[in-house]
Amino acid sequence: MMDFIFVVRDTQDWHQHNLALNPRHYSSLRLAGPHFLANIQENWGAKIYFNTLIPTHEGLIKYGVISHSSLVADLLDWETLYVAGRLHKPVLMLHQDTHDEELRNALKINLFSAIHTALLLLPESFSEEQLYLTLTGLSYMGDFRMQVGEDQHKVQNIVRAQVQEFRTLYTPVLKELEEYVILDRLRGMGEQDTSPPARLYHLSMLPKKLQFMLMKEWNRDGRKRDLEDVLRAAAHDTDTDDVIVRGIEDIVKTSSVTQSVKGILTAGVLKSIRYSWSKIKKMWKSLQR
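Here is what the cut-offs are and how they apply
- Residues numbered from 1 in each chain as written.
- Predicted model: local features only at pLDDT ≥ 70, side-chain atom pairs only at ≥ 80, totals over all residues.
- Heavy atoms only, no water.
- 1 Å grid on protein atoms, 1.4 Å probe; cavity = no way out; pocket = protein on both sides within 12 Å on 5 of 7 lines; lining within 4 Å.
- Points joined across faces, edges and corners; volume = space filled by probe spheres on them.
- Helix = DSSP H or I, 4+ residues; strand = E, 2+ residues; numbered from the N terminus.
- Nonpolar A, V, L, I, M, F, W, Y, C, P; charged D, E, K, R; others polar.
- Salt bridge = Lys/Arg side-chain N within 4 Å of Asp/Glu carboxyl O.
- Buried < 20%, exposed > 50% of the residue type's maximum accessible area, 1.4 Å probe, protein only.
- Phe/Tyr/Trp six-rings, centres within 6.5 Å; stacked < 30°, edge-to-face > 60°.
- Contact = heavy atoms within 4.5 Å.
- Core = buried A, V, L, I, M, F, W, Y, C linked by side-chain atoms within 4.5 Å.
- Pairing = 2+ DSSP bridges.
- Axes fitted to C-alpha atoms, helices over the stretch in contact; angles between N-to-C directions.

Caption draft 1: Inspection of the layout of surface pockets at higher detail. Of the voids in this model, the second largest pocket is the one considered here, and its volume is about 370 Å³. Together, 17 residues line the second largest pocket, and Met93, Leu107, Lys108, Leu111 and Leu169 are the ones closest to its centre. Among the secondary structure elements, those contributing two or more residues to the lining of the second largest pocket are α5 (101-121) and α9 (163-176). Here the element with the most residues in the lining of the second largest pocket is α5; it accounts for six residues. By residue class, the composition of the lining of the second largest pocket is 10 nonpolar, two polar and five charged.

Caption draft 2: Quick peek at the pattern of salt bridges. By the definition in use, this model includes 15 salt bridges. The residue arginine 225 makes a salt bridge to aspartate 221 at a minimum N-O spacing of 2.9 Å. Relative accessible area serves as the criterion here: at 18%, arginine 225 is assigned to the buried category. In this structure, a network of salt bridges that share partners links the residues Asp3, Lys62 and Arg86.

Caption draft 3: Region of interest: the packing of aromatic side chains. Across all of its chains, the model carries six aromatic pairs by this definition. Aromatic pair phenylalanine 6 and tryptophan 14: ring centres 6.0 Å apart, planes at 35°, arrangement tilted. Here tyrosine 26 and tyrosine 49 contribute two aromatic rings whose centre-to-centre distance is 5.9 Å and whose plane-to-plane angle is 50°, an arrangement assigned as tilted. One end of the pair, tyrosine 26, is in the loop between α1 (11-21) and α2 (34-43); the other, tyrosine 49, is in strand β2 (residues 48-56), with 23 residues separating them in the sequence. For tyrosine 26, a relative accessible area of 5% gives the class buried. Taken together through their ring pairs, the aromatic side chains of Phe6, Trp14 and Tyr63 make up a single cluster.

Caption draft 4: Molecular detail of the environment of leucine 76. Along the polypeptide, leucine 76 turns up in helix α3 (residues 68-77). Along the primary structure leucine 76 and asparagine 110 are separated by 34 residues, whereas in three dimensions their C-alpha atoms are 6.1 Å apart. In this view, leucine 76 contacts Ala106, Ile109, Pro207 and Lys208; residues no more than four positions away in its chain are not counted.

Caption draft 5: View of empty space enclosed by the protein. This model, assessed by the stated rule, comprises one cavity of 30 Å³ or more. Volume-wise, the largest cavity comes out at about 50 Å³. Lining the largest cavity are Ala46, Lys47, Ile66, Ser70, Asp74, Glu79, Thr80 and Val83. By residue class, the composition of the lining of the largest cavity is three nonpolar, two polar and three charged.

Caption draft 6: Geometry of the nonpolar core. Counting residues in hydrophobic clusters, the biggest one holds 58 residues, and the most contacted among them are Ile115, Leu131, Tyr170, Leu203 and Leu214. It is α5 that provides the largest number of residues to this core, a total of 11 residues. Those residues in contact with isoleucine 115, other than ones at most four positions away along the chain, are Leu131, Leu135, Tyr170, Val173, Leu174 and Leu177. Val8, Leu29, Ile40 and Ile54 belong to the second-largest nonpolar core, a separate cluster that totals 12 residues.

Caption draft 7: Inspection of the sheet that holds strand β3 (residues 59-67) at higher detail. Ordered in space as β1-β3-β2, the three strands form an open sheet in which the pairing is mixed. The sheet is open, and its two borders are formed by β1 (2-8) and β2, each paired with just one other strand. Pairwise comparison of adjacent strand axes, ignoring direction, gives a mean angle of 25° for this sheet. Bridging between β2 and β3 involves seven bridges; their strand directions are antiparallel.

Put into structure tokens, the structure is as follows:
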């Protein structure tokens, strides 16, 4: 099933027009009207509204709608890492407003955030595939669906089918970070500076929500260190990568659970059962390999 995401300025207006054009795409929630649908979208889960199992002449599709402001916030701060995480992987941009500098910059910053995070989790020497697996795996850390409803080889499948696309996506980012990391594609190996000053730089560039979680973890002993002190301490701590992983897991776990519950309402019970069953079958097949 192919996934689409639409980024819109006014979610209520978008749902109003889409209800007029495609009422059957919605569950019975459509009866409550566009204002209610927009509220469900903005206040529940990951601030995205999906219509799933939609038949087209090309097969089944699923499409989600997210507001421009919610997407930008997720890209910059990793509030839910739901759509921002999807955009750590290669996607096809069907249309992008060439004058939308805010979104263009947020998309770029999201990729830099992913690289900074991945480098903090990787050793001094790593393979090119390790880098892409780490980048891809960020948005699946803590996702309960990886235990009960997803192909267990999903991350590997995504990377191994799109190595060239990953190179195209991340080459400009890595080029700007050559002071800290070098990726030799001929050898398929990377080397990075893992000194405390380099780690401090990566930590200082992490998304706001992840930095906040680091600060919360470092202050569990009751002390009140500010962010600057926490990042400086974390740069010298060999267990920082574990704290980062726990922080990402907390973000992803919350958004994946709440969005899945919301999906039962937005898709309806029958579609939810069909969709979940197809996921379970895929997971079962992956376990047989």
